[in-house]
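What the coordinates show
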Amino acid sequence: MPNDQSAAHVAAPQSLLDDRAKDPVGSPDADASIEVLRLLDDPQEWSAFSRPDPQRAGYWESNLLIEGMHCAACALTIEDALLRVPGVLKAEVGAGSHRARVVWTAEAVKPSAWMRAVQVAGYRAVPANDSFARERRKNESRKALWRLGVAGLCMMQVMMYAYPAYVGGGLTAEMEQLLRWASWVLTLPVILFSCGPFFSNALRDVVQRRVSMDLPVSLGMLITFVVSTAGTFDPQGIFGREVYFDSLTMFVFFLLAGRWLELRLRDRTAGALEALMNRLPDSVARLCQDGSYERVPVRRLLPGDVIRILPGETFPADAVVLQGDTMVDEALLTGESRPVSRGVGGMVIAGSHNLSTVVQARVEQVGDKTRFSQIVALMESASTTKPPLARLADRIAKPFLIAVLLAAGLACAFWWGRDPEHALMVAVAVLVVTCPCALSLATPAAMLAAAGTLAQRGVLVRQLEAFEAMASIDTVMFDKTGTLTRDAMVLGASRVREGVSVAQALAMAAALAQHSLHPVSRALVLAARDASATLAWRADTVNEVAGGGVSGTVWGGGEAAPLVSTELRLGSAEFCGIEAQPPSSLQACLSDERGWLATFGLHEDIRPDAQETVAALQREGIAVHLLSGDGAQAVARVAARVGITEFKGGCSPQDKLDFLQNAQLEGRKVAVVGDGLNDGPVLAAAHVSFAFGKAVPLAQAQADFVVLGDHLSAIAKTLRMSSLTLHIVRQNLWWAAIYNAVCVPLAVLGLLPAWLAGLGMALSSLFVVLNALRLSGRVNFLGKT
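I will try to describe carefully the structure that is included in this document. Not measured: the values here are computed from a predicted model.

Here we come to the overall build of the protein. The number of helices and strands found in the protein is 27 helices and 27 strands. Going through the 785 residues of the protein one by one, you find that 53% of them count as buried. Working note: accessible area of the protein is about 33,600 Å², and carbon and sulfur atoms make up 58% of it.

See below:
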């Protein structure tokens, strides 16, 4: 995919798309909008909002933000509109996140076709990584606040005019009529301005011959206004002389307040994803051949380019530091809260922040190949997936709304013979009080809040339904290498020949080890640096024998010893020409012309929180197993150190899969934690799975959860978060069910005034979202609240 497009060129069609998306179908502006959409048909633009589908050759996966939707019925309408377009294979729209994922083939359809289908359906689709998305949300929130403010001011004034009639102030007929006229005038801005989104969406539903939450709400508002207007202009008419301007303005205010708060809270829920996607800069300083720097769009970077990053700027690609020594903030990408040091030769990842000094770096990976892009892909996938409970609620939404309209009509017919005015107000109460929004938001709101909280702590959720699976597990199966242990080894107990210090022997061994990439060699070099052992020793004519060790001439000694030169061997006992001793752990030997010089004991570097994590899981009554392909002795040592009693070594991938299948046949729910490299089959077959380790190809991982950082305690934390999430989901579902079961009959019986119905509807949706946000920031690192 060519990547030499400028950011400005990409942004232009997207911003124009936003401006034109409201144009009515068939108008001249709508024709211009089609031309703007066609700009996105250029394959060079696709990388701005799409990526090739890794599972289907020739297909693309696009992520969009949907504007103008308010409920699950809207989500289903958009999905239906997209799926009717030939060439669109799959479409998922999240009612809670307002995001859509579209899978399409370029051979049959272009982006303009399916984006136009969304526009014709009455909504706006914009690329999820559009640089103008944040500004549009601010504008939307600002407009919503203006509508709320107008409704609030008019409501207070109308209530003031209605107060004398409530308290029986002895008003004359002329004064009472004047106050009614004043209330009618003050209600006009509410109807014409504040209620604008409700009426426009309802009109769209009527034209498209469908139903959403705005249709019954708009009918309730319109009926109330018509009845009150008739009471003002014709007090002797069929609807009587009663007016309900105070009730109308009040429930409009309540509904707008609820939607505004819901909008703010939804943005907060999706804050982790937005913060992650907006981390990359628009442009970066790239080194030219003449030694100067030019500012270029990030999309024009290529592997091998040299870039300069100033303090406070963000690294736009995965790169290697060439000059400078700085501190880097990787918190949002790895879950590590403390800044990490990056010097010459150190790797920096796209999306991390440069904190200290100016650095020069060589670009290694760009675009979809960066870890940043893979992380964003996982989070976008999670934000559009629908758990089974959410899919069930979505399917109920449309029939529920149709039932609401029928119930309102039947209630109106029942009361009409007794009092037409009261009959219409009963219908209004039924239309307004019902709230499928609470039902449809109950599951995704909680799960998105939990996913956002976990993402801030370095755990990405690939599928939201994984929360439900994780909460029911009773067994955890760990891999060893790269999971309970790090990939590296660490130095243990050492023995040296008399007359030689451990520091001197370690420095001599490190001089040879620097010329090898073997894990044992890297461990010795790292141990020498950590122990501040002198590295004044140098080695030349170094030769490495695969499976044996490293040999060469070592010379030096520094101030602590005279300048010497000696032939050394570092490796196995056989390679060093000495008698092998039964090892209690992995050993590396060092020898010179006189024979044995030192023996370095090494062991795998167990993660610092491994023992605490295993203990936390066992306290929850979960059985913990360790299965590894390594030798039985090595597995036993690691199991003993972390507190696992059930373990087995020498396991092939098939052995692990057999263990999992046997456990599942026994009715056990098993979570598998692996490094994602050779555990693909068992990760895919597990009830729920974790991919652990930075080397995992994130976008192709089989795991339900991907752990970005080095904290194994993320497993216990995710278990606790999953249990809390399902608890919140059940609370939300019970609330939505009880609310509708109680309030709808009260409205049908005429016992619920319109203003109280509006308040109940607003509070119902708001309660669900606020209850879900209890998950944000509530769980500490080991799952303690």
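Before going further, it helps to examine the pattern of salt bridges. Under the criterion given, the structure shown has ten salt bridges. Note that Lys-656 is salt-bridged to Asp-479, the shortest N-O span being 3.0 Å. Remark: Asp-479 occurs in the loop between β16 (475-478) and α18 (480-484) and Lys-656 occurs in helix α24 (residues 653-665); sequence separation between them is 177 residues. Residue Lys-656 shares its accessibility class with Asp-479, and that shared class is buried. With its nearest N and O atoms 2.8 Å apart, the salt bridge here joins Asp-592 to Arg-497.

Looking now at the pairing of strand β2 (residues 59-67). With eight of its nine residues buried, β2 lies for the most part within the structure. Strand direction decides the pairing type here: strand β1 (residues 50-52) and β2, joined by three bridges, are antiparallel. Counterpart to Pro-52 in the pairing with β2 is Trp-60. Note: β2 against strand β4 (residues 99-105), seven bridges, orientation antiparallel. The residue bridging Glu-61 from the neighbouring strand is Val-103, located in β4.

If you look at the biggest cluster of nonpolar residues, it comprises 53 residues, and the most contacted ones within it are Phe-467, Phe-478, Leu-484, Leu-617, Ile-644 and Phe-705. Ranked by the residues each element gives to this core, the list is headed by helix α26 (residues 714-748), at nine residues. Listed in part, the 50 residues of the second largest apolar core include Leu-148, Val-158, Leu-255 and Cys-743.

On the basis of which strands lie adjacent, the open sheet formed by three strands has the order β11-β10-β13 and antiparallel pairing. The open sheet has two edge strands, β11 (340-342) and β13 (353-354), and neither has a second partner. Pairing of strand β10 (residues 326-329) with β11, which is carried by three bridges, proceeds in the antiparallel orientation. Bridging from a neighbouring strand, Val-328 pairs with Val-340 of β11.

A few words on the packing of helix α15 (residues 420-433) against α26. Helix-helix packing: each pair is described by the crossing angle between the helix axes and the interaxial distance. Relative to each other, α15 and α26 sit at 165 degrees, their axes nearing to 8 Å. Here α15 is positioned roughly antiparallel relative to α26, judged by the angle of their axes. For the pair α15 and α26, the crossing hand works out as left-handed. Here Val-426, Ala-429, Val-430 and Val-433 of α15 lie close against α26, whose contacting residues are Tyr-739, Cys-743, Val-744, Ala-747 and Val-748. A breakdown of the residues in the contact of α15 with α26 according to their chemical character gives nine nonpolar, no polar and no charged.

Turning to the sheet that holds strand β24 (residues 646-648), a few remarks are in order. Pairing between the strands of a sheet is mediated by backbone hydrogen bonds and can be parallel or antiparallel. Pairing within the open sheet is mixed, and its seven strands lie in the order β15-β27-β26-β25-β16-β23-β24. Each of the sheet's edge strands pairs with one partner strand only, and the pair in question is β15 (459-461) and β24. Each adjacent strand pair in this sheet contributes to an overall mean axis angle of 20 degrees, direction not counted. Bridge count for strand β26 (residues 688-692) against strand β27 (residues 705-707) is three bridges, and the pairing is parallel. What sits directly across from Phe-690, in β27, is Phe-705.

Right, let's talk about the environment of Ala-573 for a bit. Secondary-structure assignment places Ala-573 in helix α21 (residues 573-576). A relative accessible area of 13% places Ala-573 in the buried class. Separated by 17 residues in sequence, Ala-573 and Leu-590 place their C-alpha atoms 8.4 Å apart. Other than its neighbours up to four places away in sequence, Ala-573 contacts Ile-578, Glu-579, Ala-580 and Cys-589.

This brings us to the packing of aromatic side chains. Going through the model one piece at a time under the given rule, you end up with ten aromatic pairs. Judged by centre distance (5.9 Å) and plane angle (50 degrees), the ring pair of Trp-104 and Trp-114 falls under tilted. Residue Trp-104 is located in strand β4, and its partner Trp-114 is located in helix α5 (residues 111-120); the two are separated by ten residues in the primary sequence. Owing to a relative accessible area of 0%, Trp-114 belongs among the buried residues under this scheme. A centroid spacing of 6.1 Å and a plane angle of 75 degrees characterise the contact between Trp-181 and Trp-184, whose relative ring orientation is edge-to-face. Of this pair, Trp-181 and Trp-184 are both found in helix α7 (residues 173-194), three residues apart, which corresponds to roughly one turn of the helix. Trp-181 gets classed as partly exposed once you look at its relative accessible area, which sits at 34%.

At their nearest, the axes of helix α22 (residues 610-619) and α26 sit 8 Å apart, and the two run at 30 degrees to each other. What the angle tells us is that α22 and α26 run roughly parallel. Here Thr-613, Ala-616 and Leu-617 of α22 lie close against α26, whose contacting residues are Ile-715, Ala-716 and Leu-719. Across the contact of α22 with α26, the residue classes break down as five nonpolar, one polar and no charged.

We now examine helix α23 (residues 632-642). Along α23, the residues classified as buried are Ala-634, Val-635, Val-638, Ala-639 and Val-642. The arc that holds the buried residues of α23, viewed along the axis, is 130 degrees, so those residues lie on one side. Exposed residues pointing more than 90 degrees away from the buried face of α23 are listed as Ala-632, Gln-633 and Ala-640. Looking one or two residues past α23, Gly-643 carries a phi angle of roughly 90 degrees, positive in sign.

Next up on the list: helix α19 (residues 502-513). For α19, spanning twelve residues, the distance from its first C-alpha to its last is 16 Å, which sits close to the expected 16 Å at 1.5 Å a residue. By the criterion of burial, α19 is predominantly enclosed, with nine of the twelve residues buried. Listing the buried residues of α19 in full gives Ala-505, Leu-506, Ala-507, Met-508, Ala-509, Ala-510, Ala-511, Leu-512 and Ala-513.

Right, let's get into the environment of Gly-750. With respect to the helices and strands, the residue Gly-750 is situated in the loop between α26 and α27 (754-772). The class of Gly-750 is partly exposed, set by a relative accessible area of 23%. Considering only alpha carbons, one finds Gly-750 and Cys-412, 338 residues apart in sequence, at a separation of 9.9 Å. Other than its neighbours up to four places away in sequence, Gly-750 contacts Trp-415, His-422 and Val-426.

What counts, and at which threshold
- Residues numbered from 1 in each chain as written.
- Predicted model: local features only at pLDDT ≥ 70, side-chain atom pairs only at ≥ 80, totals over all residues.
- Heavy atoms only, no water.
- Helix = DSSP H or I, 4+ residues; strand = E, 2+ residues; numbered from the N terminus.
- Buried < 20%, exposed > 50% of the residue type's maximum accessible area, 1.4 Å probe, protein only.
- Areas by Shrake-Rupley, 256 points an atom, 1.4 Å probe, with all protein chains shown as cover.
- Salt bridge = Lys/Arg side-chain N within 4 Å of Asp/Glu carboxyl O.
- Pairing = 2+ DSSP bridges.
- Core = buried A, V, L, I, M, F, W, Y, C linked by side-chain atoms within 4.5 Å.
- Axes fitted to C-alpha atoms, helices over the stretch in contact; angles between N-to-C directions.
- Parallel < 35°, antiparallel > 145°, perpendicular 65-115°, else oblique.
- Left-handed = near helix turned anticlockwise from the far one by under 90°.
- Contact = heavy atoms within 4.5 Å.
- Nonpolar A, V, L, I, M, F, W, Y, C, P; charged D, E, K, R; others polar.
- Phe/Tyr/Trp six-rings, centres within 6.5 Å; stacked < 30°, edge-to-face > 60°.
- Arc of directions from axis to C-beta.
- Expected span 1.5 Å × (residues − 1).

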